[in-house]
Amino acid sequence: MEAGLMDAFEYVVDKILNKCCVPVAGAGISVSSTHSDGGERFHTVDWMVDKLKRKLLSKRYNRYDKNLHGSICNNDYVDELKALDPLVDENNLIKSKCFFCDVREAAKDYKLGELSELYLWEFRESNDAYQDLVKLLQIAKYKDLQPTKAHIAIAKLAREGLLSEVLTTNYDCNFEKAYEEISGGEHFDKISSLDDYRKKGAKNGVINRLRVYKVNGCSEKLGDGSDPQKCESILLTERQLQKWRNRQWASDIFRDRLRSKSLIFTGFGSNEPQVHHTVQTVLDEYTDELGDNFKPVLETPAAPIVAIFESQPSFHQQQIVKTYALHHKQDPQDGDQLIIRHPETGNNLSANDLWEDIYERVIRSVILKALRLSQLSTNASFTAIVPFASTIMHQVISSIDKAEGDDQKHFTKAPDWLNSFTSICGNDAVDGKHFSALVGCLSVLNAKETGLYDPVEENKALMSELLLLLYLLKGVLADAIDVTNGKGVALIFKTTEKGSSTNKVLYLNADPAVARGGNNVGVPSGNNYLTITLGQAGAHIRPDLRRDRAINKCKKTITPKTIVTLGWKHIFYQTPYEGNMESVADTILDAIDSPTNYYYANQPSIKRRPYLKPEKDN
């Protein structure tokens, strides 16, 4: 898309694809997170502010002296104070500020840092004050929160190798849990201190590692919260947040990424003093550099993008984007181009919806790249075996490119032949989520454990094979692609025009162990079934025929079943292929209808077995 037509959503997608984007996550990204014991939503800003406000009002009222502190003002807290003491003096209420107004104003504006500092000031002895604050806000329980859809989507992008780090002001462990869940191990580096940074900041691994910079501390390091020194590692007060509490390493990382990459701020509805102060400091540096300062904001290489939940941005959200526009010699109103909001005016945009939409748009581009690479037989072995494969894949690519022109804001359009599926490998393929559902087939084809994510980047040819087959069989498949006993993918065929079932299912897998154990495939009984082995396993497998029986204890019946396992070379065994491009799908359908014919066609005859031929007399 041309830069002049690009919006903030597409800008983020482009930067992710070019590995030039870093998510910066605030409390809003974890707002839908759940805790194993249910109960209170202690991790939300609303809960924290309300908890601190009530505790502060109680502590303030316990030392309130009308003669010393004056009368109470006529504000919204009179009823709350009466709950503490029914004998609250409601006479002579004043209109000016009173002893409780700083608490009221901080809570009204959701200034958690100010409330935390006000809370500490209520203690005469400061030794245990901070530990009491951390305990009150239940920070130690944050480590038990579960990742949201937004965390999972970001983890998947990291597993594709497109994101390598996340900056977060949150105390929870959701990013780490999400990445461990989809990668199958601790392929992440949790960095919340200078010591962590020195040990893990440049660590590498076979699987792309995700570095999670936790600039305000990590709940996991608290343990049960009984150690006052560990509690001090959590940043909570306004004073601490303004100065990063001497965490120069965190400040330096944030400044460097802001200068060199595009940061997408998500989940920052409330004020984060250290974030906003640092952003403004770095943006002021641009006034000294005139080289690219006249470009439109969405043509600059490292613009900050702000995703907002509400329909309109807050002052601090506006300050980031409008200052950026001003420093690039643009009208401040042009900074609004750097805001991602809900596509429909007046609606709220959750972090879950945003990141699932971003992932869908990104993964479509990744799949298209895989298809283009697989058009060459040097990149994908099946391209040299399946007749006209390159031409057919060109048609697949063209259909996806055409659908791309019908994208609507955050909605990613799929071509009609793919859009016909409502369920793919157990994932709902609706509301513009067909490509992300399709990626779920990779782990099933490779017989990976449930929950693991197999990246397209490591399965380019396999993804291309699957799409080629789905495209060739368009119009004859049912609207669901199923999983069979965790051993592969099942393509179910539509009923006939007369309404009777064809009773045909095509099984796909790419794991050699599954290919050699065809009797493990849970197929219906009483028929012949074909399993096509894809990927590298399909290039080396031998034709296999297994006869099995299905025992129905309820009906007390035993019925036979035959499972034939073939690779592409066994289906297209004729050399040269005698058909044309239109007949490729017919050949595959014929193999599905009569798999045993293709099995026997690939068996060497006695005449071709030289070790059985009689020796010639000399």
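Residues numbered from 1 in each chain as written. Predicted model: local features only at pLDDT ≥ 70, side-chain atom pairs only at ≥ 80, totals over all residues. Heavy atoms only, no water.

**Considering the overall build of the protein**
Summing up its helical and strand segments, the protein has 25 helices and 15 strands in all. Its C-alpha atoms put the protein at 125 × 65 × 55 Å along the principal axes. Counting across all 618 residues of the protein, residues that qualify as buried make up 51%. Pairs at least 24 apart in sequence give 68% of the contacts found in the protein among residues at least 6 apart. For the protein, the computed accessible surface area is about 29600 Å², with 47% contributed by carbon and sulfur atoms. Taken as two groups, the 77 positive and 83 negative side-chain charges of the protein have centres that lie 6 Å from each other. (Helix = DSSP H or I, 4+ residues; strand = E, 2+ residues; numbered from the N terminus. Buried < 20%, exposed > 50% of the residue type's maximum accessible area, 1.4 Å probe, protein only. Contact = heavy atoms within 4.5 Å. Areas by Shrake-Rupley, 256 points an atom, 1.4 Å probe, with all protein chains shown as cover. Lys, Arg positive; Asp, Glu negative; His and termini not counted. Charge placed at Lys NZ, Arg CZ, Asp CG, Glu CD.)

**What about the pattern of salt bridges?**
Within the structure shown, the criterion is met by 29 salt bridges. Note that Asp-50 is salt-bridged to Arg-54, the shortest N-O span being 2.9 Å. You can see Asp-50 and its partner Arg-54 sitting in helix H2 (residues 45–62), four residues apart, about one turn around the helix. What makes Arg-54 partly exposed here is its relative accessible area of 48%. Linking Asp-407 and Arg-361 is a salt bridge whose minimum nitrogen-to-oxygen distance equals 3.8 Å. Of this pair, Asp-407 sits in the loop between helix H17 (389–404) and helix H18 (416–419) while Arg-361 sits in helix H16 (residues 351–374), and the two are 46 residues apart along the sequence. The class of Asp-407 is buried, set by a relative accessible area of 18%. (Salt bridge = Lys/Arg side-chain N within 4 Å of Asp/Glu carboxyl O.)

**A look at the packing of helix H13 (residues 248–260) against helix H14 (residues 273–285)**
Two packed helices can be described by the angle between their axes and the distance between those axes. The contact between H13 and H14 brings their axes to 10 Å, and the two run at 45 degrees. Judged by the angle between their axes, H13 and H14 are oblique. With respect to the hand of their crossing, H13 and H14 are arranged in right-handed fashion. Two secondary-structure elements touch here, H13 through Phe-254, Arg-255, Leu-258 and Arg-259 and H14 through Val-275, Thr-278, Val-279, Thr-281, Val-282 and Glu-285. (Axes fitted to C-alpha atoms, helices over the stretch in contact; angles between N-to-C directions. Parallel < 35°, antiparallel > 145°, perpendicular 65-115°, else oblique. Left-handed = near helix turned anticlockwise from the far one by under 90°.)

**Remarks on H17**
With 16 residues, H17 extends 23 Å between its outermost C-alpha atoms, agreeing within 8% with the 22 Å of an ideal straight helix rising 1.5 Å per residue. All of the buried residues along H17 are Ala-389, Ile-392, Met-393, Val-396, Ile-397, Ser-399, Ile-400 and Ala-403. The buried residues of H17 all sit within an arc of 155 degrees when viewed along its axis, so they share a single face. Elements in contact with the buried residues of H17: H16, H18, helix H19 (434–445), helix H20 (460–472) and helix H24 (583–593). (Expected span 1.5 Å × (residues − 1). Arc of directions from axis to C-beta.)

**Overview of the environment of Asn-92**
As for its position among the elements, Asn-92 is in the loop between helix H4 (78–84) and helix H5 (101–108). Judged by its relative accessible area of 59%, Asn-92 is exposed. Separated by 19 residues in the primary sequence, Asn-92 and Cys-73 have C-alpha atoms spaced 8.6 Å apart. Those residues within four positions of Asn-92 in sequence are excluded, and the remaining contacts are Ser-71 and Ile-72.

**Here's the deal with the confidence of the model for the protein**
Considering every residue of the protein, the mean pLDDT works out to 86; 91% of them sit at 70 or more. Scored below 50 in pLDDT, residues 518–526 shows 28 contacts in the model against residues more than four places distant or in partner chains. (pLDDT = per-residue confidence, 0-100.)

**Digging into the pairing of strand E5 (residues 262–266)**
Of all five residues in E5, five are buried, a share of seventy percent or more. Side chains Ser-262, Ile-264 and Thr-266 project from E5 onto one buried face, and the interleaved Leu-263 and Phe-265 project onto a second face that is buried too. Bridge analysis of strand E1 (residues 21–25) against E5 gives five bridges, and the strand direction is parallel. Residue pairing for E5: Val-22 is matched across the bridge by Leu-263. Here E5 runs beside strand E6 (residues 305–307); their pairing, made up of two bridges, is parallel. When the sheet's bridge partners are listed, Phe-265 is paired in E6 with Val-306. (Pairing = 2+ DSSP bridges.)

**Considerations on the layout of surface pockets**
Space inside the largest pocket adds up to approximately 940 Å³. Along the wall of the largest pocket there are 29 residues; nearest its centre are Ile-152, Lys-156, Asn-427, Ser-436 and Gly-440. Only helix H8 (149–159), helix H9 (174–183), H16, strand E9 (427–428) and H19 provide two or more residues apiece to the lining of the largest pocket. Broken down by element, the lining of the largest pocket gets its largest block of residues, six residues, from H19. Here the lining of the largest pocket is built from residues that sort into twelve nonpolar, seven polar and ten charged. (1 Å grid on protein atoms, 1.4 Å probe; cavity = no way out; pocket = protein on both sides within 12 Å on 5 of 7 lines; lining within 4 Å. Points joined across faces, edges and corners; volume = space filled by probe spheres on them. Nonpolar A, V, L, I, M, F, W, Y, C, P; charged D, E, K, R; others polar.)

**What about the packing of aromatic side chains?**
Inspection of every chain in the model, using the stated rule, returns 19 aromatic pairs. Here the aromatic rings of Tyr-197 and Tyr-213 are separated by 6.3 Å at their centres, their planes lie at 65 degrees, and the arrangement is edge-to-face. Of this pair, Tyr-197 sits in helix H10 (residues 194–200) while Tyr-213 sits in strand E4 (residues 210–214), and the two are 16 residues apart along the sequence. Its relative accessible area of 1% is what places Tyr-213 among the buried residues. Here the aromatic rings of Tyr-573 and Tyr-598 are separated by 6.1 Å at their centres, their planes lie at 75 degrees, and the arrangement is edge-to-face. With Tyr-573 in the loop between helix H23 (568–571) and H24 and Tyr-598 in helix H25 (residues 595–601), this residue pair connects regions lying 25 residues apart in the sequence. (Phe/Tyr/Trp six-rings, centres within 6.5 Å; stacked < 30°, edge-to-face > 60°.)

**Observations concerning the pairing of strand E13 (residues 528–533)**
The element E13 is extensively covered by neighbouring structure, given that five of its six residues are classed as buried. Where strand E12 (residues 505–509) lies against E13, four bridges are found, and the strand directions are parallel. Residue pairing for E13: Leu-508 is matched across the bridge by Ile-532. In this structure, E13 lies alongside strand E15 (residues 557–566), joined through five bridges in parallel fashion. The partner of Asn-528 across the bridge, within E15, is Thr-562.

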